[in-house]
Amino acid sequence: MIEARNINKTFGDHHVLKDVSCIFEKGKTNLIIGQSGSGKTVLMKCLVGLFEVDSGMVAYDDRNFTTMNFEQRKTLRKEIGMLFQGGALFDSMNVEENVMFPLNMFTKELPGEKLERVNFVLKRVNLENVNKLMPSELSGGMRKRVAIARAIAMKPQYLFCDEPNSGLDPLTSGVIDHLIREITEEYEITTIVNTHDMNSVLSIGDSVAYIYKGQLWWKGDKETILHTDNAELNEFVFGTELTSRLKR
Amino acid sequence: MIKVFTTIGNYVLLMQKVFSRPQKGRIFWNQLMTEINSLGLESLGIVAFISAFMGAVVSIQTAYNITSPLIPMSMVGFTVRQSVILEFSPTVISLILAGKVGSRIASEIGTMRVTEQIDALEIMGVNSANYLIFPKIVASILINPVLIVFSMWMGILGGWVAMVATGLVSTNDFVQGIRIDFQGYTIFYAITKTIFFAFIISSVSGFYGYITRGGALEVGQASTKAVVFSSVIIILFNLVLTQLLLT
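Residues numbered from 1 in each chain as written. Chains lettered and ligands numbered in written order. Predicted model: local features only at pLDDT ≥ 70, side-chain atom pairs only at ≥ 80, totals over all residues.

**So, the overall build of chain A**
Part 1: Secondary structure assignment for chain A yields nine helices and ten strands.
Part 2: A globule of 248 residues ought to have a C-alpha radius of gyration of about 18 Å, and chain A, at 18 Å, matches this closely.
Part 3: Across its three principal directions, the C-alpha atoms of chain A cover 55 × 45 × 30 Å.
Part 4: Looking at chain A as a whole, 42% of its 248 residues are labelled buried.
Part 5: Intrachain contacts of chain A at a sequence separation of at least 6 include 66% that bridge at least 24 residues. (Helix = DSSP H or I, 4+ residues; strand = E, 2+ residues; numbered from the N terminus. Rg over C-alpha atoms; globule rule 2.2 N^0.38 Å. Buried ≥ 20, exposed ≤ 12 C-beta atoms within 10 Å, placed from the backbone. Contact = placed C-beta atoms within 7 Å.)

**Some details on the sheet that holds strand 4 (residues 55-60) of chain A**
Part 1: Strand order in this open sheet of four strands is 2-1-4-5 (chain A), and the pairing throughout is antiparallel. If you trace the sheet from one side to the other, it starts and ends with strand 2 (14-24) and strand 5 (63-64) of chain A, each paired once. (Pairing = 2+ DSSP bridges.)

**Remarks on the interface of chain A and chain B**
Part 1: Taken together, the contact between chain A and chain B spans 14 residues of the former and 13 residues of the latter.
Part 2: Within the side of chain A that touches chain B, the residues separate by chemical class into nine nonpolar, two polar and three charged. (Nonpolar A, V, L, I, M, F, W, Y, C, P; charged D, E, K, R; others polar.)

**Looking at the packing of helix 3 (residues 44-65) of chain B against helix 6 (residues 128-166) of chain B**
Residues and elements named next belong to chain B.
Part 1: Running from amino to carboxyl end, helix 3 crosses helix 6 at an angle of 45°, the nearest separation of the two axes being 6 Å. The pairing of helix 3 with helix 6 is recorded here as oblique in orientation. Classified by chirality, the crossing of helix 6 by helix 3 is right-handed. (Axes fitted to C-alpha atoms, helices over the stretch in contact; angles between N-to-C directions. Parallel < 35°, antiparallel > 145°, perpendicular 65-115°, else oblique. Left-handed = near helix turned anticlockwise from the far one by under 90°.)

**Side note on the packing of helix 4 (residues 74-114) of chain B against helix 6 of chain B**
Residue and element names in this part refer to chain B.
Part 1: Relative to each other, helix 4 and helix 6 sit at 145°, their axes nearing to 8 Å. Where helix 4 crosses over helix 6, the handedness of that crossing is right-handed. Where helix 4 abuts helix 6, its residues Val76, Val80, Arg81, Val84, Ile85, Phe88, Ser89, Pro90, Ile93, Leu97, Ile105 and Ile109 lie against Leu132, Lys136, Asn144, Leu147, Ile148, Ser151, Met152, Gly155, Ile156, Gly159 and Met163.
Part 2: Grouping the constituent residues of the contact of helix 4 with helix 6 by class yields 16 nonpolar, five polar and two charged.

**Overview of helix 1 (residues 40-48) of chain A**
Residue and element names in this part refer to chain A.
Part 1: Among the nine residues of helix 1, nine are classified as buried, and the element is accordingly described as predominantly covered.
Part 2: Three or more residues of helix 1 are buried, namely Lys40, Thr41, Val42, Leu43, Met44, Lys45, Cys46, Leu47 and Val48.
Part 3: Once helix 1 ends, the next one or two residues include glycine 49, with phi positive near 90°.

**As for unusual backbone geometry**
Part 1: For aspartate 62 of chain A, which is not a glycine, the phi torsion comes out positive at approximately 65°.
Part 2: If you check the backbone angles, aspartate 181 of chain B has positive phi at about 45° while not being a glycine.
Part 3: Structurally, the position occupied by aspartate 181 of chain B is in the loop between helix 7 (171-179) and helix 8 (185-210).
Part 4: Overall, the presence of 8 C-beta atoms within 10 Å leaves aspartate 181 of chain B in the exposed class.

**Brief notes about the nonpolar core**
It is characteristic of soluble globular proteins that their nonpolar side chains tend to be buried jointly.
Part 1: The biggest cluster of nonpolar side chains holds 130 residues, and the ones touching the most others in it are Leu43, Leu47, Met82, Val99, Ala149 and Phe160 of chain A.
Part 2: With 16 residues, the top contributor of residues to this core is helix 6 of chain B.
Part 3: With residues near it in sequence (within four places) discarded, phenylalanine 160 of chain A still touches Met44, Val48, Ile80, Met82 and Ile192 of chain A. (Core = buried A, V, L, I, M, F, W, Y, C linked by C-beta atoms within 7 Å.)

**Focus on the pairing of strand 8 (residues 190-195) of chain A**
All names here are of chain A.
Part 1: Counting buried residues in strand 8 gives six out of six residues, a clear majority hidden from the surface.
Part 2: Burial along strand 8 is two-sided: the residues Thr190, Ile192 and Asn194 and Thr191, Val193 and Thr195 are all buried.
Part 3: Bridge count for strand 3 (residues 29-33) against strand 8 is five bridges, and the pairing is parallel. Directly across from isoleucine 32, in strand 8, lies its bridge partner asparagine 194.
Part 4: Bridging between strand 7 (residues 158-162) and strand 8 involves five bridges; their strand directions are parallel. Note on strand 8: the bridge partner recorded for aspartate 162 is asparagine 194.

**A word on the confidence of the model for chain A**
Part 1: Taken as a whole, chain A shows an average pLDDT of 90; of its residues, 99% reach a score of 70 or greater.
Part 2: Highest mean pLDDT in chain A belongs to strand 4 of chain A (95); lowest belongs to helix 9 (residues 241-247) of chain A (71). (pLDDT = per-residue confidence, 0-100.)

**Considering helix 4 (residues 111-124) of chain A**
All names here are of chain A.
Part 1: An ideal rise of 1.5 Å per residue puts 20 Å on 14 residues; helix 4 measures up with 20 Å between its terminal C-alpha atoms.
Part 2: Within helix 4, the full set of buried residues consists of Arg117, Val118, Val121 and Leu122. Each buried residue of helix 4 sits inside an arc of 130° when the element is viewed along its axis, so together they form one side. For helix 4, exposure combined with an orientation more than 90 degrees from the buried face picks out Gly112, Glu113, Glu116 and Lys123.
Part 3: Tucked inside the fold, the buried residues of helix 4 contact helix 3 (95-106) and helix 5 (140-152).
Part 4: Directly beyond the C-terminal end of helix 4, a positive phi value near 60° is found at asparagine 126. (Expected span 1.5 Å × (residues − 1). Arc of directions from axis to C-beta.)

**Structural notes on the sheet that holds strand 6 (residues 80-83) of chain A**
Residue and element names in this part refer to chain A.
Part 1: Read across the sheet, six strands follow the order 6-7-8-3-9-10 without closing on themselves; strand pairing throughout is mixed. The open sheet has two edge strands with one neighbour each: strand 6 and strand 10 (215-220). Looking at each pair of strands side by side, their axes are set apart by 20° on average, direction ignored.

This is how it looks when you write it as structure tokens:
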């Protein structure tokens, strides 16, 4: 479980996060949704410590992340996996080296054991025989899957996904969504997904937090989101031509 | 003025992160070898080309300007040796390397920053500044003196070839000039300057790459800033080090 309590974050005069409090439960796919510029990426970066919060607290299973020093955070981060928007694969390394990187860095496993783990996680994300390909040779969907494989290589307890479907076609997006959900349930981890894709919300949104102008505006799940009377959320959910037609 | 102090402060803070013990010795060693190859050995060609031609030009200029019969032609070899060892190789080649190596470091790290690869390292618990910049600094400090000594050889060789080819100075006179009043301290002086300049090139370029924010445009700007500021700092330190080491 990850808890965010009264988080505030300001950039210059711009108050991006305003007193955000939220609990992200273990074994569930927790979605953070909101319009572009609403502050959801900043919230995720505050949760993982890429941005320091101005005030408030972030706790990982009752361990206060905000007050941890560099070494303590380094230890905790071995339990965190993150999928970035563009994949963030290391350009100079091939697929195998990318996935093996955290194992090389933090474990004392033998080369054979590490390779076995790499092949296992690559197979888990439905990628085989791509070990020697460079990131530039992969499609967008494959990059995302390699990034997921790298994120789960160290058997994380917490998985963060920043807009995992951006730049992907609806079918590939569905594959990535289901992969995230399967991994969450299989390993019983706390997963937080940052998205504005309503398909993802309706298919994997065990818990959904709607961020509006830097505030937690609504919290529910994929069932209740379609029946809420929250005006701003309705505008977001039924804002597209497709969803508004479906509503009618 | 505040911006200058802020930048210096940020640079010092980054260097504190850079100069820490590498997390895995074997990974550091592999990176070091890669950087020695990409930052040093891949520069051998351009260093050889520029040094040889510059040595040739210095010798021809000197030979044509010696008009008095009271000045022996061995002065050509002496002048080539002194100018190559004291200034041309350590300073001018370092400026060339600031352009070639500095832009490479800044654009490589800057691209990693804007494509979130550095964030990915941080999330894994890796000290990204140490992982990315430290091997480049160590590699530069180790390989640049080798490049500079090589440049000295090539510069003097270029000067000799030019004299033999034009027939302006005989080999005997040229070699005699090279040997006149040679002081080993000048090599120490050149190597010391080179080590300082190598640190400046790699750390300043690493800094500008690391603090890049935005996209492709900002990576280009970071690369330009890395080259400009490395060059300016090299010129300033050249003056300071020359004063300190030769007085």
